[in-house]
Amino acid sequence: MFALVRTSLRFFVVGFVVGTLFAPRSGAETRQMLGEKLTVVANQILELAAFPPIEPRTAVKDGGEGRARRTGVRSTNARSSS
């Protein structure tokens, strides 16, 4: 399993480097474009890291994908979750 992931990652990196080297634009333009994209990605990661985690109760109340609320009546159906 890990050998497959390692091989896939290796081929991705080699393909990225070869694609970057043989790109149809000049090296300065490519470096500028990569720098801008890396800056955008870094800013997005920092913005996501700044948000507090969402509490499960808040997610359910706001319509998120959460665990269903329990009612006072319990069903004897084998398919119902407890």
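The structure presented is a predicted model; accordingly, all values stated were derived computationally and were not measured.

**Notes on the overall build of the protein**
Of the regular secondary structure elements, the protein holds three helices and zero strands. Its helices and strands in sequence order give the protein the pattern α-α-α, from N to C terminus. Buried positions account for 1% of the 82 residues belonging to the protein. Working note: accessible area of the protein is about 8200 Å², and carbon and sulfur atoms make up 63% of it.

**Some thoughts on the side chain of Thr30**
Along the polypeptide, Thr30 turns up in helix α2 (residues 27-50). Residue Thr30 is classed as buried on the basis of its relative accessible area, which comes to 6%.

**Points about the confidence of the model for the protein**
Residues of the protein with pLDDT of at least 70 account for 65%, and the chain-wide mean is 75. No element of the protein has a lower mean pLDDT than helix α3 (residues 56-61), which averages 62, and none a higher one than helix α1 (residues 2-21), which averages 88.

**Some thoughts on a nonpolar patch on the surface**
Taken together, the side chains of Leu9, Phe12, Val13, Val14, Phe16, Val17, Val18, Leu21 and Phe22 define a hydrophobic patch exposed on the protein surface, amounting to about 940 Å² of accessible area. For Phe12, the position within the fold is in helix α1. Note on Phe12: relative accessible area 56%, which makes it exposed.

**A short note on the packing of aromatic side chains**
The description of an aromatic ring pair uses the distance of the two centres, along with the angle that the planes make with each other. A full pass over the atoms with the stated rule returns one aromatic pair. For the pair Phe12 and Phe16, a centre-to-centre distance of 6.5 Å together with 25 degrees between the ring planes defines the contact as stacked. On the criterion of helical spacing, the pair formed by Phe12 and Phe16 is a turn pair, its members being four residues apart in helix α1.

The rules behind the values
Along every chain, residues carry numbers that run from 1 in the direction the sequence is written. Local features are withheld for residues below a pLDDT of 70 in this predicted model, meaning they are given only at 70 or higher, and side-chain atom pairs are given and counted only at 80 or more; totals for whole chains, interfaces and linings count all residues. Think of the side-chain values as coming from all heavy atoms in the structure, minus any hydrogens and water. Helix and strand assignments follow DSSP, with helices taken as H or I runs no shorter than four residues and strands as E runs no shorter than two, numbered in order from the N terminus. Each residue is placed in one exposure class: buried if its accessible area under a 1.4 Å probe, protein chains only, is under 20% of its type's maximum, exposed if it is over 50%, and partly exposed if it falls in between. Values of accessible area rely on a 1.4 Å probe in the Shrake-Rupley scheme; residue burial ignores everything except the protein chains shown. pLDDT is defined as a per-residue confidence score from the predictor, taking values between 0 and 100. Every patch collects residues that have over 30% relative accessible area and no salt bridge, joining them within 9 Å if they carry like charges and within 5 Å if they are nonpolar side chains (Val, Leu, Ile, Met, Phe, Trp, Tyr). The salt bridge definition used is simple: a Lys or Arg side-chain nitrogen within 4 Å of an Asp or Glu carboxyl oxygen. Pairs were defined over the aromatic rings of Phe, Tyr and Trp, the Trp ring being its six-membered one, requiring ring centres within 6.5 Å. Orientation was assigned from the angle between planes: stacked under 30 degrees, edge-to-face over 60, tilted for the rest.

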